[in-house]
Amino acid sequence: MKTIIPLLGICFLLAHCTRQQTVVDFEKEKSAIQAVIAKETESYYKQDYEAWKSTYLQSPAFRKFGYWEGYPEKVISNIGFESLAAEKKKQFEANETLWKGSTEERLNENFRISSDMAWYTFEQNSYEKDTHKFLGKSLETRILEKEDGAWKIAYLSFHYYPEQKE
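Residues numbered from 1 in each chain as written. Predicted model: local features only at pLDDT ≥ 70, side-chain atom pairs only at ≥ 80, totals over all residues. Heavy atoms only, no water.

J.: Could you give an account of the nonpolar core, naming the residues involved and the relevant values?
T.: A general feature of soluble globular proteins is that nonpolar side chains tend to end up buried together. Judged by nonpolar contacts, the single largest core of 27 residues is most densely connected at Ile 33, Trp 52, Tyr 56, Phe 81, Leu 144, Trp 151 and Ile 153. Elements supplying a minimum of two residues to this core: α2 (26-46), α3 (49-53), α4 (81-93), β3 (103-113), β4 (117-127) and β6 (150-160). Excluding residues within four positions of it along the chain, Phe 81 makes contact with Trp 52, Lys 53, Tyr 56, Leu 57, Gln 58, Ser 59 and Phe 62. (Core = buried A, V, L, I, M, F, W, Y, C linked by side-chain atoms within 4.5 Å. Buried < 20%, exposed > 50% of the residue type's maximum accessible area, 1.4 Å probe, protein only. Helix = DSSP H or I, 4+ residues; strand = E, 2+ residues; numbered from the N terminus. Contact = heavy atoms within 4.5 Å.)

J.: Go over the pattern of salt bridges with me, naming the residues and quoting the values.
T.: Scanning the model with the defined rule gives five salt bridges in all. Among the ionic pairs, Lys 64 bridges to Glu 87, the shortest N-O distance being 3.8 Å. Within this pair, whereas Lys 64 is found in strand β1 (residues 63-67), its partner Glu 87 is found in helix α4, the two being separated by 23 residues in sequence. Using a relative accessible area of 34% as the deciding quantity, one classes Glu 87 as partly exposed. For Glu 123, the salt bridge identified is with Lys 137, shortest N-O distance 3.1 Å. Of this pair, Glu 123 sits in strand β4 while Lys 137 sits in strand β5 (residues 134-147), placing them 14 residues apart in sequence. Judged by relative accessible area, Lys 137 falls into the partly exposed class, the value being 27%. (Salt bridge = Lys/Arg side-chain N within 4 Å of Asp/Glu carboxyl O.)

J.: Lay out the packing of aromatic side chains with the relevant residues and their values.
T.: As enumerated under the stated definition, the model contains 19 aromatic pairs in all. Here Trp 52 and Phe 81 contribute two aromatic rings whose centre-to-centre distance is 5.8 Å and whose plane-to-plane angle is 25°, an arrangement assigned as stacked. Of the two residues, Trp 52 is situated in helix α3 and Phe 81 in helix α4; the sequence distance between them amounts to 29 residues. Take Phe 81: its relative accessible area is 1%, and that puts it in the buried class. Ring geometry for Phe 65 versus Tyr 155: centroids 5.9 Å apart, planes at 55°, classification tilted. Placement of the pair is Phe 65 in strand β1 and Tyr 155 in strand β6, with a sequence separation of 90 residues. Classification of Phe 65 by relative accessible area gives partly exposed; the value is 31%. (Phe/Tyr/Trp six-rings, centres within 6.5 Å; stacked < 30°, edge-to-face > 60°.)

J.: Kindly report on the sheet that holds strand β2 (residues 75-79), identifying the contributing residues and their values.
T.: Reading across from one edge, β2-β1-β6-β5-β4-β3 is the order of the six strands in this open sheet, with mixed pairing throughout. The open sheet is flanked by β2 and β3, the only strands paired with a single partner. Strand-to-strand twist across the sheet, computed as the mean angle between neighbouring axes with direction ignored, equals 20°. One ladder, built from five bridges, connects β1 with β2; its direction is antiparallel. For Tyr 67, the partnering residue across the bridge sits in β2 and is Val 75. (Pairing = 2+ DSSP bridges. Axes fitted to C-alpha atoms, helices over the stretch in contact; angles between N-to-C directions.)

Here's what the structure looks like:
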């Protein structure tokens with residue numbers, strides 16, 4: 001009985017230690033995530049394919065789903081990064097980027113961050129760069145994973161509000 005009690009204590013301590021989660025520096029990780037999102041947006045408008053591509057998890061697990069009235073099909077999706085990469089490479093080469101050089105304002109941001117995965121939701125208002133004309137408002141979601149210590153976009157979704165008819 002005397003040996004069972006210390007063994008139970010050791011088992012309890014080992015079980016407790018394996019269940020402890022890594023402490024996350026929330027503000028540091030939040031800033032890193034915002035930087036990745038900003039880099040993705042900026043490189044998209046600059047049509048810098050390599051910089052744009054570097055912000056994504058380049059995996060079959062990647063997903064993108066979006067809705068915008070301006071698309072002929074209204075709803076778009078990419079299952080796996082390769083389909084998105086091929087689409088964007090073609091788009092950049094043809095200089096067909098929509099809303100090129102627009103500015104974005106992100107509001108009502110919400111972050112959930114763990115040591116290797118995070119999700120970030122926000123509302124986004126887009127404006128024409130020079131005139132500040134309102135282009136659209138969307139609800140956005142990004143799920144990010146850490147790959148070699150760097151945040152990468154693993155899931156991207158956007159849903160634009162219907163355009164206001166004048």
